[in-house]
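Each chain is listed here by its residues.
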Amino acid sequence: MPEPKGWKELPIGGIIDSPGSARDLETGAWRARRPIVDKDKCTSCLQCWMFCPDMAVVVQADKMRGFDLYHCKGCGICAKICPADAIAMVAEAEAGTEGEGG
Amino acid sequence: MVTQTETPTRLTLRELAKKPDRLTSGHRMCPGCAAPLVVKQVLMAIDEPVVVVCATGCLEVATTIFPQTAWNVPFIHNAFENAAATASGVEAAYRSLVRQGKIEDDNTRIVVFGGDGSSYDIGLQSLSGAMERGHRLLYVCYDNNAYMNTGIQRSSATPVGANTTTSPVGKVQAGKKGARKDLTAIMAAHGIPYVAQASPHNWRDLMQKVRKATAIDGPSFINVLASCNRGWRHDPADTIEIQRLGVDSCLWPLYEVEDGVYRVTYRPKVKVPVSDYLASQGRFGHLLQPANQYIIEALQADVDRRWERLLRMAGEV
Ligand SMILES: Cc1ncc(C[n+]2csc(CCOP(=O)(O)OP(=O)(O)O)c2C)c(N)n1
Ligand code: SF4
Ligand code: SF4
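Residues numbered from 1 in each chain as written. Chains lettered and ligands numbered in written order. Predicted model: local features only at pLDDT ≥ 70, side-chain atom pairs only at ≥ 80, totals over all residues. Heavy atoms only, no water.

Draft legend 1. Molecular detail of the sheet that holds strand E1 (residues 50–54) of chain B. Residue and element names in this part refer to chain B. If you walk across this open sheet you meet the 8 strands as E2-E1-E3-E4-E8-E7-E9-E10, and the pairing is mixed. In the strand order of this sheet, the two ends are held by strand E2 (75–77) and strand E10 (261–264), each with one partner. Averaged over all pairs of adjacent strands, the angle between their axes in this sheet comes to 15°, without regard to strand direction. With 6 bridges joining them, strand E4 (residues 138–143) and strand E8 (residues 220–225) adopt parallel strand pairing. (Pairing = 2+ DSSP bridges. Helix = DSSP H or I, 4+ residues; strand = E, 2+ residues; numbered from the N terminus. Axes fitted to C-alpha atoms, helices over the stretch in contact; angles between N-to-C directions.)

Draft legend 2. Summary view of the site of ligand 1. Residue and element names in this part refer to chain B. With respect to spatial proximity, 17 residues lie near ligand 1, and among them Gly 117, Tyr 142, Ala 146, Met 148 and Asn 149 are the closest. In this structure, Ala 146 approaches ligand 1 through a main-chain N or O atom, which is 3.0 Å from an oxygen atom. If ligand 1 stood free it would expose 590 Å²; the protein chains cover 74% of that surface. Of all the secondary structure elements, the ones that give two or more residues to the shell around ligand 1 are helix H5 (116–122) and strand E5 (146–147). Classifying every residue of the shell around ligand 1 by side-chain character gives 7 nonpolar, 8 polar and 2 charged. (Near = heavy atom within 4 Å. Polar contact = N/O pair within 3.5 Å; in protein donor to acceptor, adjacent residues only side chain to side chain. Areas by Shrake-Rupley, 256 points an atom, 1.4 Å probe, with all protein chains shown as cover. Nonpolar A, V, L, I, M, F, W, Y, C, P; charged D, E, K, R; others polar.)

Draft legend 3. Inspection of the packing of helix H4 (residues 83–99) of chain B against helix H6 (residues 124–133) of chain B at higher detail. Residues and elements named next belong to chain B. At their nearest, the axes of H4 and H6 sit 7 Å apart, and the two run at 35° to each other. The residues of H6 that touch H4, namely those facing Ala 83, Ala 84, Ala 85 and Ser 88, are Ser 126, Leu 127, Ala 130 and Arg 133. Split by residue class, the contact of H4 with H6 holds 5 nonpolar, 2 polar and 1 charged. (Contact = heavy atoms within 4.5 Å.)

Draft legend 4. Structural detail: the site of ligand 2. Taken together, Cys 52, Val 57, Phe 67, Cys 72, Lys 73, Gly 74, Cys 75, Gly 76, Ile 77 and Cys 78 of chain A make up the full set of residues adjacent to ligand 2. By residue class, the composition of the shell around ligand 2 is 7 nonpolar, 2 polar and 1 charged.

Draft legend 5. Fine view of the nonpolar core. All names here are of chain B. Ranked by size, the top nonpolar core spans 66 residues in total, and within it Val 42 and Phe 113 carry the most contacts. In this structure Val 42 touches Val 111, Phe 113, Leu 138, Val 140, Leu 206 and Val 210, once residues within four positions along its chain are discounted. In terms of nonpolar packing, the next biggest core, distinct from the first, is built from 52 residues, Ala 130, Tyr 139, Tyr 255 and Val 264 among them. (Core = buried A, V, L, I, M, F, W, Y, C linked by side-chain atoms within 4.5 Å. Buried < 20%, exposed > 50% of the residue type's maximum accessible area, 1.4 Å probe, protein only.)

Draft legend 6. Expanded view of the packing of aromatic side chains. Residue and element names in this part refer to chain B. Within this structure, the stated rule accounts for 7 aromatic pairs over all chains. When the centroid spacing of 6.3 Å and the interplanar angle of 35° are considered together, the rings of Trp 71 and Phe 113 count as tilted. Residue Trp 71 is located in the loop between helix H3 (58–63) and E2, and its partner Phe 113 is located in strand E3 (residues 109–115); the two are separated by 42 residues in the primary sequence. As far as the burial class goes, Trp 71 and Phe 113 line up, both buried. Between Tyr 277 and Phe 284, the ring centres sit 6.3 Å apart and the planes meet at 45°, which makes this aromatic pair tilted. Tyr 277 gets classed as buried once you look at its relative accessible area, which sits at 1%. By relative accessible area, Phe 284 is classed as buried at 1%. A connected cluster of aromatic rings, assembled from ring pairs, spans Trp 71, Phe 75 and Phe 113. The side chain of Arg 283 reaches across the aromatic face of Trp 232, ending 4.1 Å from its centre. (Phe/Tyr/Trp six-rings, centres within 6.5 Å; stacked < 30°, edge-to-face > 60°. Lys NZ or Arg CZ within 6 Å of the ring centre and 35° of its normal.)

Below, the structure is given as structure tokens:
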């Protein structure tokens, strides 16, 4: 969160002048179950990327690279939609550091 | 100067994944909500610059929590009932500034998002007015079948029998009484150039419709089924499968009306019984009891009748 401003410094009319700034919020803290991808099974078909409502599937150079765990809310859509059955949902308490750092 | 996009981004997942997010992570919509998925797909279909206008509702509230915003494009929210009127003003101002030479015409597309509460009910007159006046804008209704942001109150889009906080299940009634309003048909009756129905589980169909709509120099309307797992009562992971059942049961047919000509854009190979769709969601759980069987039968008959009529209008029977 940015530093709170006094009312005199606030833009008039509720204008927000920082596009995409919601990214600062760690919605990943809501997650109860963590998606874990089995890279041997994943074919990078990118279905999970298309159906993630939180833009939390990371794609680089046409490849599925894992999850943005800072934002993933753990809904489980990606695991359900995956045609290769490559994504497992694991209880957050048991996930440890798995899937972190891509 | 009018700069037409030379080659539109191909509708393949690989090409689309290269585009920057126009709605970003960090929005506060519930896990598994279909509304941000609808926005993602609609805005990804458009290569041109966009201005987004949003009615009050979950989408607006949860994406613009001050001092942050999840919108990566120009965005304006005014009130619950006047998103289409606000968008009309944006469009008129844009045209005027271009005419005066103050800005360049860069083919900016104006896209409005409203829930069913704002589109079917409280903002219907401003929506109707904007369509009738012929503003060049695309209005997208994300129809989650109730007023979700204020706690699942029934709207005129709520299906018969659905349990909501203002159409509860009890001794007197078994959920919502009466059929839902057909807003897509009402929009088609305006005689505007483009009207369609879509669902994000069929992303290519949805995105093709958005492309058609935004290419038209006039008003267009797309009604998109959008599950709210809090209100519909299902596992958030099942959002896509449930949307598919809605379409495969013909309860939510995918079709378009282009200059008055009807076309069914997807015909299910197997028409799934409506009861499969109902059984997938807790809001309809009580309908599965034998005493309420008659409600399911009446709904199935209604769905069949509407589907047959649509096929006739599309010249498919
Ligand atoms: C004139 C007015 N009446 C009531 C409200 C309170 N209100 C805020 S959001 C909302 C529900 C919106 O429902 P819908 O359009 O279906 O969108 P959803 O929340 O389901 O996405 C209501 C009733 C308001 N903001 N303005
Ligand atoms: S669990 Fe949900 S939020 Fe997380 S990556 Fe999968 S689809 Fe996205
Ligand atoms: S309450 Fe429903 S519509 Fe609102 S954000 Fe949650 S899932 Fe989406």
